[in-house]
Amino acid sequence: MSIGRFIALEGGEGVGKSTQARLLAEALEARGISVVLTREPGGTAGAEAIRALLLDPPGSGWNPRAEALLFAAGRSDHVERLIRPAIEAGQWVICDRFIDSSRAYQGGGGGLSESDILDLHRVGSEGLLPDLTLLVEVPPQRTAERLAMRDADGSDAIGGRDAAYHARVAAAFSRFAEENPERFARIDGEGIPGEIHARIMSALSPLLEERA
Ligand code: TYD
């Protein structure tokens, strides 16, 4: 049986990850790979219910620790019921956001320590990490424009946080990629979707060659 793989897409708000996740899933399927396309927060019934609590919180919202716990709880369900079984069955899991979003948003943005976030992940999901994390990056000016457009549309509780929060998130993501080049591929998110997709496919070529 072929080896299952776990690929996460990460990045700030509105960098086009979801489109890229879909294009990647289609390209892998066209090569005969069985793919599970999923997202966080969410991916299972329980984790989707937690997503609603996180993005549209009741009352005055969650404190930063409660928020981190909820992300970890949703992820735990997602890993146990969907991600691990799929990898074990030899499928490729493409996940729109995973643990590095918690490290960047709840850690970098929200101020929780890296070790606390990783402890929650160890307890919740036995520390599962992607084989490859595709970090889609756009210049800060583009992020600011997209945030302004989203705000006009009505953003969610996390996307709607101020520019300083999102700048800390972006800085955290780029630090992770620098510190861990073997797990991260930095993808230039500028250009039309087809161009960005081509960059993603070339970042994936080592994994695809291993399979051949
Ligand atoms: P979503 O609408 O899926 O955002 P996007 O299209 O930008 O991916 O909303 C997910 C939000 O949740 C987004 O603002 C990032 C945030 N988030 C965290 O703060 N921590 C996490 O661990 C994850 C997975 C997401």
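Calculation criteria
- Residues numbered from 1 in each chain as written.
- Predicted model: local features only at pLDDT ≥ 70, side-chain atom pairs only at ≥ 80, totals over all residues.
- Heavy atoms only, no water.
- Near = heavy atom within 4 Å.
- Polar contact = N/O pair within 3.5 Å; in protein donor to acceptor, adjacent residues only side chain to side chain.
- Areas by Shrake-Rupley, 256 points an atom, 1.4 Å probe, with all protein chains shown as cover.
- 1 Å grid on protein atoms, 1.4 Å probe; cavity = no way out; pocket = protein on both sides within 12 Å on 5 of 7 lines; lining within 4 Å.
- Sits in = over half its atoms within 2 Å of the grid points.
- Helix = DSSP H or I, 4+ residues; strand = E, 2+ residues; numbered from the N terminus.
- Nonpolar A, V, L, I, M, F, W, Y, C, P; charged D, E, K, R; others polar.
- Contact = heavy atoms within 4.5 Å.
- Core = buried A, V, L, I, M, F, W, Y, C linked by side-chain atoms within 4.5 Å.
- Buried < 20%, exposed > 50% of the residue type's maximum accessible area, 1.4 Å probe, protein only.
- Arc of directions from axis to C-beta.
- Points joined across faces, edges and corners; volume = space filled by probe spheres on them.
- Pairing = 2+ DSSP bridges.

Draft legend 1. Structural view of the site of the ligand. Taken together, 18 residues lie around the ligand, and E13, K17, R97, S102 and Q106 are the ones closest in. The contact in question runs from an oxygen atom of the ligand to an N or O atom on the side chain of R97, over 2.7 Å. Measuring from an oxygen atom of the ligand, one finds a side-chain N or O atom of S102 at 2.6 Å. Here the ligand, which alone exposes 550 Å², has 92% of that area covered by the protein. Under a 2 Å grid-point criterion requiring more than half of the atoms, the pocket assigned to the ligand is the largest pocket. For the shell around the ligand, the secondary structure elements donating two or more residues are α2 (45–55), α3 (64–88) and α4 (99–109). Counting residues per element, the shell around the ligand draws most heavily on α4, at four residues. In the shell around the ligand, the residues fall into five nonpolar, five polar and eight charged.

Draft legend 2. Geometry of the environment of L55. Along the chain, L55 turns up in helix α2. Sequence separation between L55 and D119 is 64 residues, and the spatial gap between their C-alpha atoms is 23 Å. Ignoring sequence-local partners within four residues, the contact set of L55 consists of D156, A157 and I158.

Draft legend 3. Structural view of the nonpolar core. Counting residues in each nonpolar core, the largest one holds 24 residues, and the members touching the most others are I7, L24, L28, W92, I94, L134 and L204. If you list the elements that add at least two residues to this core, you get β1 (5–10), α1 (17–30), β3 (92–96), β4 (132–137), β5 (184–188) and α8 (193–211). With six residues, α8 is the single largest residue contributor to this core. For L134, the contacting residues outside a window of four places in its chain are I7, A8, L9, E10, L24, A185, I187, I200, A203 and L204. Judged by nonpolar contacts, the second largest core, of 15 residues, contains Y105, I158, A172 and F184.

Draft legend 4. Layout of α2. If you check which residues of α2 are buried, you get A47, I50 and L54. The arc that holds the buried residues of α2, viewed along the axis, is 55°, so those residues lie on one side. Summarising the contacts, the buried residues of α2 are in contact with α3.

Draft legend 5. Looking closely at empty space enclosed by the protein. Taken as a whole, this structure holds one cavity of 30 Å³ or more when the rule is applied. Here the largest cavity is characterised by a volume of approximately 60 Å³. In terms of lining residues, the largest cavity is bounded by A68, F71, A72, R75, I99, S102, I117, L120, H121 and S125. Within the residue set of the lining of the largest cavity, elements represented by two or more residues are α3, α4 and α5 (114–125). Residues of the lining of the largest cavity, tallied by class, amount to six nonpolar, three polar and one charged.

Draft legend 6. Summary view of the pairing of β1. Counting buried positions along β1 gives six out of six residues, so the element sits mostly inside the fold. For β1 and β3, the ladder comprises five bridges, and the chain directions are parallel. Bridging from a neighbouring strand, F6 pairs with V93 of β3.

Draft legend 7. Quick peek at the layout of surface pockets. Put simply, the largest pocket is a space of about 540 Å³. Every residue lining the largest pocket is counted, 29 residues in all, and those nearest its centre are K17, E40, P41, R51 and R97. Of all the secondary-structure elements, those providing two or more residues to the lining of the largest pocket are α1, α2, α3 and α4. Across the lining of the largest pocket, the residue classes tally to 10 nonpolar, nine polar and 10 charged. Its volume calculated, the second largest pocket comes out at about 310 Å³. V138, P140, T143, H166 and A170 are, among the 21 residues lining the second largest pocket, the residues nearest its centre. Counting residues per element, the ones that place at least two in the lining of the second largest pocket are β4, α6 (140–153) and α7 (163–179).

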